[in-house]
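# Coordinate inspection notes
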Amino acid sequence: MANPSAVCNGHLHHHHHQKQNNLLKSGISKKNGITKGMKKNGVSNGTLYKKTFIEHFEQAPMYVAVFTFVGFAVGTIFGYLRDFMRAWGLEKRNIAAEREQQKDFVPLYQDFENFYTRNLYLRIRDNWNRPICSVPGPQFDLMERVTDDYNWTFRFTGRTIKNVINMGSYNYLGFAETDVNALKTVTIELEKYGTGVCSTRQEMGTLDKHVELEKLVATFLGVEDAMVFGMGFATNSMNIPALVGKGCLILSDELNHTSLVLGARLSGATIRIFKHNNMQSLEKLLRDAIVYGQPRTHRAWRKIIILVEGIYSMEGSIVRLPEIVSLKNKYKAYLYLDEAHSIGAVGATGRGVVEYFGMSPDDVDVLMGTFTKSFGAAGGYIAGKKGLVDFLRTHSHSAVYATSMCPAVAEQIIRAMKCLMGLDGTTQGLQRVRQLEKNTRYFRRKLHEMGFIIYGNDDSPVVPLLLYMPGKIGAFARRMLEKNIGVVVVGFPATPITESRARFCVSAAHTREMLDTVLNALDELGDFLHLKYSRYSKSSHPELYEESRLELED
Amino acid sequence: KRVRDTRTKLAPAYHLILEGILILWIIRLLFSKTYKLQERSDLTLKEKEELIEEWQPEPLVPPVPKDHPALNYNIVSGPPTHIITVNGKECINFASFNFLGLLNNEKVKSAAQASLKKYGVGTCGPRGFYGTFDVHLELEERLAKFMRTEEAIIYSYGFATIASAIPAYSKRGDIVFVDEAACFAIQKGLQASRSNIKLFKHNDMADLERLLKEQETEDQKNPRKARVTRRFIVVEGLYMNTGDICPLPELIKLKYKYKVRIFLEESLSFGVLGEHGRGITEHFGINIDDIDLISANMENSLASIGGFCCGRSFIIDHQRLSGQGYCFSASLPPLLAAAAIEALNIMEDSPDIFQTLRAKCERIHKALQGISGLKVVGESFSPALHLQLEESCGSRENDVKLLKRVVDYCMNSGIALTQARYLEKEEKCLPPPSIRVVITVEQTEQELDKAASLLKEAAQSVLN
């Protein structure tokens, strides 16, 4: 259960609310059941898609919801019990306390805010913030960490757990590597430039490396111009306020990332949320916005901007770009596409969702992405028409007040991008993209066959595996670590309270053996923890599925 | 004996008729359509289509004129070290915040190289999901030890440090007293927190006390609300916009008198003020536990990227779950963290560089006095000064153009300077246009003198 202090208040509330309502009706979630083949329907939107768009959001059986609630209820009751015992001194208080001199100040934290952190998150918090001591490649070394007081404090034994298979890091194309040849140019640039820049872009912080990188990004994406920033999160939170302001309308997807929500809030524009990837909801909002104008005054909106992501990292779903673009053209809105997880990870040559759907980058007004995931570096970019980028160069908060990107990191992005584009003379880039595609398909197919409930699109390298019950979160992560596999688990409030999950990030650097090891471990663990909730598992007799097997072997 | 009256009592006729009408009315209401007030003013489909057809949005971005002062950046070829090549010309660098000259330090670079060999470049994940490296933990420990606090937390971007720290503690309904000259990152943090902001005049303790007293009288009217409203004072150690320091001892007195917590932003004063570079608390000799939170970025003195917050565990630990820039963003690349650790080593091993830096600042501060047309804004020991026009020529645009000519004159003669840049429409209290002069330990005395005399010349030729 990462981040229990409900930082993402904005979108959490909606999701949570929706889930609560639906749980009162029959069934767990009103998300559609198995949708295999459903999106190939003959509805008008079907003609916009050049290939089949298959997404799964299966509901679990009813008893799962019941047990999930029971689990949380038990946790809460024990939480109250322990708080009571701590308050009455029957149990040791391990929490840090306020200074004696400041005891009469207004308390910094409300007791209830931390109830969840103290009593539910704390029990299993050894599954997060696990420190590593090697490159975050397909395998890494974990520092062994033990706790003597039930997760209040940790201490390092000094040993490292070697060669743990990494299913948690965002290393889609495998560029997080320490191969000396691969990092040759980065080493040279680091020696030449040093680490810092000590100035902002508009003052003395624009280096020739930044200019080179921006040109390359623009060429890679097929747009006129691009601008790079030092931090991916800050790219959103500092540029959305520059693009929209008061009197504008932001239509944001339900499950947008915190950086998008923060950027939208800081801009001062009105925000309206549409249901996740639901085009009817978006169209209704667009129509109502244009027809009725701003609330109360009914003045026309200055502009309407739609914020979506390429791949949603908690669901693994891909945005329905063709439909959104047709809606945006029809209603004259603008589209801001955050490709943090999809750039490099989808598309025939790794150009992101725009290429995946066979569309042109001109269809999207603002292309944003980060370099952290597929390029093994840090930072973000915004790309589009020259007018847009010129405006950002003069008006972005980041250009004026924040330090520019470290040149060695810029070099890493340059070399990764050149590799991807084939400019370094090899086909390694394309091979990585193909390998990622193969790995993704294989991994997802196998998980479906085993009977787990997996969310998301068949082509997305982000694979959420549903756990549901709070007790299984800790058990799953710990047992996988015992088998030498590092996984990421997430619970409330990053996900709805009944849908805790484990999230796998498939990488091009994973070999078939590694994936098989993970799959076997999952198989065993799935049986042991009763995680195979799916009612639609494909039979495990591959000979009945000749075609799909052929597809994979190419 | 009671006789039951078996005759059924018939109600009077009008009663029955009225009841019959009532029942019929109810049945009618039940089956008729609900009557919404909106129905009357609802638009037809055709009207809606027309509205949609007619609506024209603004262009996504307004066009930017080609001669916009901020559009054409100075392009630096090579590292922005002591001798910098700007737009093809070699100059002495008076514009990068490389106070301790660690940008080009060999030891720092080799530490970064070693880290690059071991860890690669990126961390590929946020701190919670295998993005915590042993280097990060080491850096946090070292920073906490250096600043003599219990705990430190690092962020991967300097701007995001204070902008995430403030909203983690101050929420809607809380009150924050902030100095007018606070930097933009603080302003964004305050905006994200949605708290009540009260600005007090720059460094004016009387004004702050007035605001605090006003708040006290408000509290007495509503003591229940006052008991749950948190209060904070946010100040900077060394202000970026004005080059002077905050009166910390008075602030501490106010803190205990009015029960307000202090957040101190030390981006410019970390590694500059104080005998060992520990910042303004060391400069004034104040117990560091009196400050609730110290936030600084590592992009100035430490010549790396990122930022950190330090303080007591009670306060800092909270950010590990509710600091947005910490939880939802990838962690700092290990090579930058290793560079910061090495820079800290250097700072600890040679504490005399702070004295050297201070002496150089004093020297140039004195040398820049008396330039006709330009006045020096900033403390004598501040390594980041501003040169403002003594008399404005009417509009900000013209002032900016005039200063640009001064800067260009200096650049052509081998001294790299820059104007201080602001977002004019977004700042709460926009500082006047100025030239930023940055002093580093690497600048020799001749170079300092040369810069001063060049500025005198430039001011003479441009402003007279």
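Residue positions are given per chain, counted from 1 along the sequence in the order it is written. All chains are assigned letters beginning at A, and all ligands numbers beginning at 1, according to the order in which they are written. For a predicted model such as this one, the threshold for reporting local features is a pLDDT of at least 70, and the threshold for listing and counting side-chain atom pairs is 80 or more; totals across whole chains, interfaces and linings nevertheless cover every residue. Water and hydrogen atoms were dropped before computing side-chain values, which therefore reflect all heavy atoms in the structure.

As recorded in an unreviewed UniProt entry, chain B goes by Serine palmitoyltransferase 1 and comes from Ficedula albicollis. Per its UniProt entry, chain B bears the Sequence similarities (unreviewed entry) comment "Belongs to the class-II pyridoxal-phosphate-dependent aminotransferase family." UniProt positions are given in the numbering used here, feature names are shortened, and annotations may be inferred rather than shown by experiment.

For chain A, an unreviewed UniProt entry supplies the name serine C-palmitoyltransferase and the organism Ficedula albicollis. Its UniProt record gives chain A the following Cofactor (unreviewed entry) comment, quoted word for word: "pyridoxal 5'-phosphate".

## Details of the interface of chain B and chain A
Any pair of residues with heavy atoms lying within 4.5 Å of one another is described as a contacting pair. The interface of chain B with chain A comprises 119 residues on the first partner and 119 residues on the second. Here the quantity called buried area is the accessible surface, traced with a 1.4 Å probe, that two parts lose on coming together, added over both. Both sides together, the interface formed by chain B and chain A hides about 10500 Å², and carbon and sulfur atoms give 64% of it. By salt bridge we mean one thing: a side-chain nitrogen of Lys or Arg within 4 Å of a carboxyl oxygen of Asp or Glu. On inspection of chain B and its partner chain A, the count reaches six salt bridges. A salt bridge links Glu49 of chain B to Arg287 of chain A; the nearest nitrogen and oxygen atoms lie 2.9 Å apart. We call two N or O atoms a polar contact when they sit within 3.5 Å, provided that within protein one can donate a hydrogen and the other can accept it, with sequence-adjacent residues counted only if both atoms are side-chain atoms. Between the two partners, chain B and chain A, sit 46 residue pairs in polar contact (both at pLDDT 80 or more). Only DSSP runs of H or I covering at least 4 residues are called helices, and only runs of E covering at least 2 are called strands; the numbering of each starts at the N terminus. Here the side of chain B that touches chain A takes nine residues from helix H4 (residues 106-119) of chain B, the largest share from any one element.

## Thoughts on the domain arrangement of chain B
Residue and element names in this part refer to chain B. Considered domain by domain, chain B is made up of domain 1 (72-101 + 351-463) and domain 2 (106-349). On a C-alpha basis, the centres of domain 1 and domain 2 stand 27 Å from each other. On the side of domain 2, 28 residues touch domain 1, which itself brings 24 residues to the contact. Run the count over domain 1 and domain 2 and you get zero salt bridges. These domain boundaries are the output of an automatic or database domain assignment.

## A closer look at the UniProt feature "domain: Aminotransferase class I/classII large" (unreviewed entry) in chain B
Look at the UniProt record and you will see "domain: Aminotransferase class I/classII large" (unreviewed entry) annotated at residues 90-453 of chain B. A distance of 18 Å separates the end C-alpha atoms of residues 90-453 of chain B, which is 44% helix and 17% strand.

## Quick word on the UniProt feature "transmembrane region" (unreviewed entry) in chain A
Mapped onto the present numbering, the UniProt feature "transmembrane region" (unreviewed entry) falls at residues 60-81 of chain A. Across residues 60-81 of chain A, helical content stands at 91% and strand content at 0%; the span's end C-alpha atoms are separated by 31 Å.

## Some details on the packing of helix H6 (residues 158-169) of chain B against helix H7 (residues 184-193) of chain B
Residues and elements named next belong to chain B. Axis lines are fitted to C-alpha atoms, over the contacting stretch for helices. Their N-to-C directions set the angle, which ranges from 0 to 180 degrees. Running from N to C, H6 and H7 cross one another at 30 degrees; their axes reach a closest spacing of 8 Å. Put simply, H6 runs roughly parallel to H7. Judged by the sense of rotation from one axis to the other, the crossing of H6 with H7 is right-handed. Across the interface between the two elements, Phe159, Ile162, Ala163, Ile166 and Pro167 from H6 touch Phe184, Ala185, Ile186, Lys188, Gly189, Leu190, Ala192 and Ser193 from H7. Put simply, Ala, Val, Leu, Ile, Met, Phe, Trp, Tyr, Cys and Pro go in the nonpolar bin, Asp, Glu, Lys and Arg in the charged bin, and everything else, Gly too, in the polar bin. In terms of residue class, the contact of H6 with H7 is made up of 10 nonpolar, two polar and one charged. With respect to orientation, any angle under 35 degrees is reported as roughly parallel, any angle over 145 as roughly antiparallel, any angle of 65 to 115 as roughly perpendicular, and every other angle as oblique. Two helices that cross are described as forming a left-handed crossing if the nearer one is turned anticlockwise from the farther one by less than a right angle, and a right-handed crossing if clockwise.

## A look at the pattern of salt bridges
Working definition: two side chains of opposite charge can pair if their charged atoms are close together. Enumeration according to the criterion identifies 58 salt bridges over all chains in this entry. As a salt-bridge pair, Asp225 of chain A and Arg393 of chain A come within 3.2 Å of each other at their nearest N and O atoms. With Asp225 of chain A in strand E6 (residues 225-229) and Arg393 of chain A in helix H11 (residues 386-395), this pair connects stretches of sequence that are 168 residues apart. Relative accessible area serves as the criterion here: at 13%, Asp225 of chain A is assigned to the buried category. Burial classes follow relative accessibility: with a 1.4 Å probe on protein chains only, a residue under 20% of its type's maximum area counts as buried, one over 50% as exposed, and anything between as partly exposed. The exposure class assigned to Arg393 of chain A is buried, which follows from its relative accessible area of 10%. Through salt bridges with shared partners, one network takes in Arg127, Glu140, Glu151, Asp317 and Arg320 of chain B.

## Digging into the UniProt feature "domain: Aminotransferase class I/classII large" (unreviewed entry) in chain A
In this structure's numbering, the residues bearing the UniProt feature "domain: Aminotransferase class I/classII large" (unreviewed entry) are residues 162-522 of chain A. With 42% helix and 17% strand, residues 162-522 of chain A has its two end C-alpha atoms placed 20 Å apart.

## Examining a nonpolar patch on the surface
Patch membership needs two things, relative accessible area over 30% and no salt bridge, and members are linked within 9 Å if like-charged or within 5 Å if nonpolar (Val, Leu, Ile, Met, Phe, Trp, Tyr). Each accessible area is a Shrake-Rupley result for a 1.4 Å probe, and residues are judged covered by the shown protein chains and nothing else. Among the surface-exposed residues, Met62, Tyr63, Val66, Phe67, Val70, Val74, Phe78 and Leu81 of chain A lie close enough to one another that they form a single nonpolar patch of about 730 Å² accessible area. Residue placement: Met62 of chain A occurs in helix H2 (residues 62-87).

## Considering the pairing of strand E8 (residues 270-274) of chain A
Residue and element names in this part refer to chain A. One ladder, built from five bridges, connects strand E7 (residues 249-253) with E8; its direction is parallel. Among the inter-strand pairings, Leu251 is bridged to a residue of E8, identified as Arg272. Handedness of a crossover is defined as follows: orient the strands so they point away from the viewer, and if the path from the first strand over the helix to the second runs clockwise, the crossover is right-handed. Once the chain exits E7 it traverses helix H7 (residues 258-267) before rejoining the sheet at E8, and the crossover so formed is right-handed. Two strands are said to pair when DSSP picks up at least two bridges between them.

## Regarding the side chain of Gln113 of chain B
Summarising the element assignment, Gln113 of chain B is placed in helix H4. Those residues within four positions of Gln113 of chain B in sequence are excluded, and the remaining contacts are Thr187, Leu190 and Glu191 of chain A.

## Observations regarding the environment of Arg396 of chain B
Tracing the backbone through its elements, the reader meets Arg396 of chain B in helix H16 (residues 396-412). Distance in space between the C-alpha atoms of Arg396 of chain B and Thr149 of chain B is 44 Å, their sequence separation being 247 residues.

## So, H11 of chain A
All names here are of chain A. Within H11, seven of the 10 residues are buried, which leaves the element mostly enclosed by the surrounding structure. Residues of H11 that are buried include every one of Leu388, Val389, Asp390, Phe391, Leu392, Arg393 and Thr394, and no others. On its buried face, H11 sits against helix H5 (208-221), E6, helix H6 (232-243), strand E11 (366-370), strand E12 (380-384) and helix H12 (397-401).

## Topic: the domain arrangement of chain A
Where interface size is given, it is often the accessible area lost as the parts come together that is meant. Residue and element names in this part refer to chain A. Taken domain by domain, chain A holds domain 1 (51-166 + 427-537) and domain 2 (180-421). Once you take the C-alpha centre of each, domain 1 and domain 2 turn out to be 29 Å apart. Domain 1 puts 25 residues into the contact, and the matching count from domain 2 is 22 residues. A buried area of about 1800 Å², summed over both sides, lies between domain 1 and domain 2, and 61% of it is on carbon and sulfur atoms. The interface formed by domain 1 and domain 2 contains one salt bridge. Across the pair Arg501 and Glu315 runs a salt bridge, and its minimum N-O distance is 3.0 Å. Our count for the domain 1 to domain 2 interface comes out at 10 residue pairs in polar contact (both at pLDDT 80 or more). Elements with a contribution of two residues or more to the side of domain 1 that touches domain 2: helix H14 (428-450), strand E13 (456-457), strand E14 (462-468) and strand E17 (500-505). Top contributing element to the side of domain 1 that touches domain 2 by residue count: H14, with eight residues. Residues that form the side of domain 1 that touches domain 2 fall into these classes: 11 nonpolar, six polar and eight charged.

## Details of the pairing of strand E2 (residues 83-86) of chain B
Each regular strand displays side chains that alternate between the two surfaces of the sheet. All names here are of chain B. Side-chain alternation along E2 places Ile84 and Val86 on a buried face and Ile83 and Thr85 on a face that remains uncovered. Both strand E1 (residues 75-77) and E2 contribute to a ladder of two bridges, which runs antiparallel. By the bridge assignment, Val76 is partnered in E2 with Val86. The antiparallel hairpin formed by E1 and E2 contains five residues in its connecting segment, where Gly78 sits at a positive phi of about 90 degrees. As paired elements, E2 and strand E3 (residues 89-93) share four bridges and run antiparallel to each other. For Thr85, the partnering residue across the bridge sits in E3 and is Glu90. Remark: two residues form the turn of the hairpin made by E2 and E3, two consecutive strands paired antiparallel; Asn87 in that turn has positive phi of roughly 50 degrees.

## Describing the sheet that holds E1 of chain B
As summarised here, the arrangement of the five strands in space is E5(A)-E1(B)-E2(B)-E3(B)-E14(B), forming an open sheet in which the pairing is mixed. Edge positions in the sheet fall to strand E5 (206-207) of chain A together with strand E14 (415-416) of chain B, since each has one partner strand and no second. Pairing between E3 of chain B and E14 of chain B: two bridges, direction parallel. Bridging across to E14 of chain B, Ile92 of chain B finds its partner in Ile415 of chain B.

## Regarding the UniProt feature "transmembrane region" (unreviewed entry) in chain B
Using the residue numbers shown here, the UniProt feature "transmembrane region" (unreviewed entry) corresponds to residues 12-31 of chain B. Secondary structure across residues 12-31 of chain B divides into 95% helix and 0% strand, with the first and last C-alpha atoms of the span separated by 30 Å.

## A few points about unusual backbone geometry
Its identity as a non-glycine residue notwithstanding, Lys332 of chain A has a phi of 60 degrees, on the positive side. Counting through the fold element by element, Lys332 of chain A comes out in the loop between helix H9 (321-331) and strand E10 (334-338). Despite not being glycine, Lys259 of chain B shows a phi value in the positive range, around 60 degrees. Following the sequence through the fold, Lys259 of chain B ends up in the loop between helix H10 (248-258) and strand E9 (261-265).

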